[in-house]
Amino acid sequence: MDLKLNNKNALVCGSTQGIGKATAIALAEEGVNVTLVARNREKLKAVLAELPQHRNHSYIVADFSNPRELQEQVIKFIEKNHGFHIVINNTGGPRSGAILTASLEEFENAFTMHLKCNHVLAQATIPFMKSEGFGRVINVISTSVKEPIPGLGVSNTIRGAIGNWSKTLSVEVGAFGITVNNVLPGFTDTERLAEIIKIKAKNEETTVEAMAETMKNYTPAKRFAQPEETANVITFLASEAASYVNGVNIPVDGGRTKSL
Ligand SMILES: NC(=O)c1ccc[n+]([C@@H]2O[C@H](COP(=O)([O-])OP(=O)(O)OC[C@H]3O[C@@H](n4cnc5c(N)ncnc54)[C@H](OP(=O)(O)O)[C@@H]3O)[C@@H](O)[C@H]2O)c1
């Protein structure tokens, strides 16, 4: 299948590790010019050096806790360099914990980091996508948009908001050759998952190894995903080949989600 991604421009957020990094590499391997985004300049430089070098890659140092600054930085980049055909909205997940004990600040921070940042990035990038008659907005969220996950109260709440933001946007921009879709990772072998396993093990007074085994056994695939498996699905959604897929949630969870 020809994904027809050669020489497209992608903004890949949260791309110094985990799913974001795997996505940056997968897109670059398909000939995409990748612009990485995260907070840590040294890590960004290291990932930049890992990308296949036959394209024009770059990075932006930005913090998703400040959406206005992020938007300004991306607009400046676009004015100086080029617009983006593809935006991967992805950043660190909210702190875990029961919903009843969550503070107002935790909800506000998660809303800012996830929903507001997705929104400012869409506003900054969609005009170029419209002018090209091609655009892809892909949000990395969670299976919790379908089934809330115990112990991830703030995350469950905010992911629901993003699901509805994303669906609404997909209807508004569909006529311009732009699609907006959500990828819902299951247990994916990244630093975020390692952190979650540590917390769960502590809460349930067991070892990290035993907790990891329990979580694997809970998944029909009986293993965690590698970030590259998620990145493959994102890459397909970013391609011309996925042009008639719009406004959907796609779990990449080894069959863990029990609902359809
Ligand atoms: N892994 C899983 O099992 C799993 C399951 C379901 C959902 N998810 C969700 O999928 C997304 C990606 O997960 P992951 O496991 O790949 O995460 P991860 O390993 O924690 O990586 C997060 C990335 O986002 C960047 N980032 C974090 N905070 C940021 C900020 N304030 N501003 C800008 N960049 C920031 C990090 O780089 P810097 O620190 O350098 O900024 C890093 O590159 C998260 O929303 C996560 O909750 C993951």
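Residues numbered from 1 in each chain as written. Predicted model: local features only at pLDDT ≥ 70, side-chain atom pairs only at ≥ 80, totals over all residues. Heavy atoms only, no water.

1. Some details on the pairing of strand E5 (residues 135-140)
When a strand is regular, its side chains alternate between the sheet's two faces.
Okay, so step 1: Counting buried positions along E5 gives six out of six residues, so the element sits mostly inside the fold.
Okay, so step 2: For strand E4 (residues 86-89) and E5, the ladder comprises four bridges, and the chain directions are parallel. Bridging across to E5, Asn-89 finds its partner in Asn-139.
Okay, so step 3: With respect to chirality, the unit in which E4 leads through helix H4 (residues 104-132) into the neighbouring parallel E5 is right-handed.
Okay, so step 4: Bridge count for E5 against strand E6 (residues 178-185) is six bridges, and the pairing is parallel. Each residue of the ladder has a partner; that of Asn-139, found in E6, is Asn-182.
Okay, so step 5: With respect to chirality, the unit in which E5 leads through helix H5 (residues 153-173) into the neighbouring parallel E6 is right-handed. (Buried < 20%, exposed > 50% of the residue type's maximum accessible area, 1.4 Å probe, protein only. Helix = DSSP H or I, 4+ residues; strand = E, 2+ residues; numbered from the N terminus. Pairing = 2+ DSSP bridges. Right-handed = clockwise from strand over helix to strand, strands pointing away.)

2. Brief notes about the packing of aromatic side chains
Okay, so step 1: A complete count under the given rule lists two aromatic pairs for this structure.
Okay, so step 2: Each ring, one from Phe-77 and one from Phe-84, has its centre 5.5 Å from the other, and the planes form 15 degrees; the classification is stacked. The pair Phe-77 / Phe-84 is uniform in exposure class, with both members buried.
Okay, so step 3: Summarising the aromatic geometry, the rings of Phe-187 and Phe-224 are spaced 5.9 Å apart at their centres and angled 70 degrees between planes, so their arrangement reads as edge-to-face. Of this pair, Phe-187 sits in the loop between E6 and helix H6 (191-203) while Phe-224 sits in the loop between helix H7 (208-218) and helix H8 (227-238); the two residues are 37 residues apart in sequence, bridging distant segments of the chain. Comparing Phe-187 with Phe-224 shows no difference in burial state: the two are buried.
Okay, so step 4: Lys-130 extends its terminal NZ or CZ atom over the ring of Phe-176, reaching a point 4.5 Å from the ring centre. (Phe/Tyr/Trp six-rings, centres within 6.5 Å; stacked < 30°, edge-to-face > 60°. Lys NZ or Arg CZ within 6 Å of the ring centre and 35° of its normal.)

3. Comments concerning the nonpolar core
Okay, so step 1: By size, the foremost hydrophobic cluster in this structure holds 33 residues, and its most contacted members are Leu-11, Val-37, Leu-70, Val-74 and Ile-126.
Okay, so step 2: Contributing elements (two or more residues each) for this core: strand E1 (9-13), helix H3 (67-80), H4, H5 and E6.
Okay, so step 3: If we skip the residues at most four places from it in the chain, Val-37 touches Leu-11, Val-12, Cys-13, Gly-14, Ser-15, Leu-44, Ile-60, Ala-62, Phe-64 and Leu-70.
Okay, so step 4: Ranked by size, the runner-up nonpolar core spans 26 residues in total, among them Leu-3, Ala-10, Val-12 and Ala-238. (Core = buried A, V, L, I, M, F, W, Y, C linked by side-chain atoms within 4.5 Å. Contact = heavy atoms within 4.5 Å.)

4. Concerning the environment of Thr-91
Okay, so step 1: Its location among the elements puts Thr-91 in the loop between E4 and H4.
Okay, so step 2: Owing to a relative accessible area of 23%, Thr-91 belongs among the partly exposed residues under this scheme.
Okay, so step 3: If sequence neighbours within four positions are ignored, Thr-91 has contacts with Phe-64, Met-113 and His-114.

5. Describing the sheet that holds E4
Okay, so step 1: With parallel pairing, the seven strands of this open sheet are ordered in space as E3-E2-E1-E4-E5-E6-E7. Unpaired on one side and paired on the other, strand E3 (58-61) and strand E7 (249-252) mark the two borders of the sheet. The average undirected angle you get between the axes of adjacent strands in this sheet is 20 degrees.
Okay, so step 2: Along the sheet, H3 makes contact with E1, strand E2 (33-38) and E3, crossing E3 at roughly 155 degrees. (Axes fitted to C-alpha atoms, helices over the stretch in contact; angles between N-to-C directions.)

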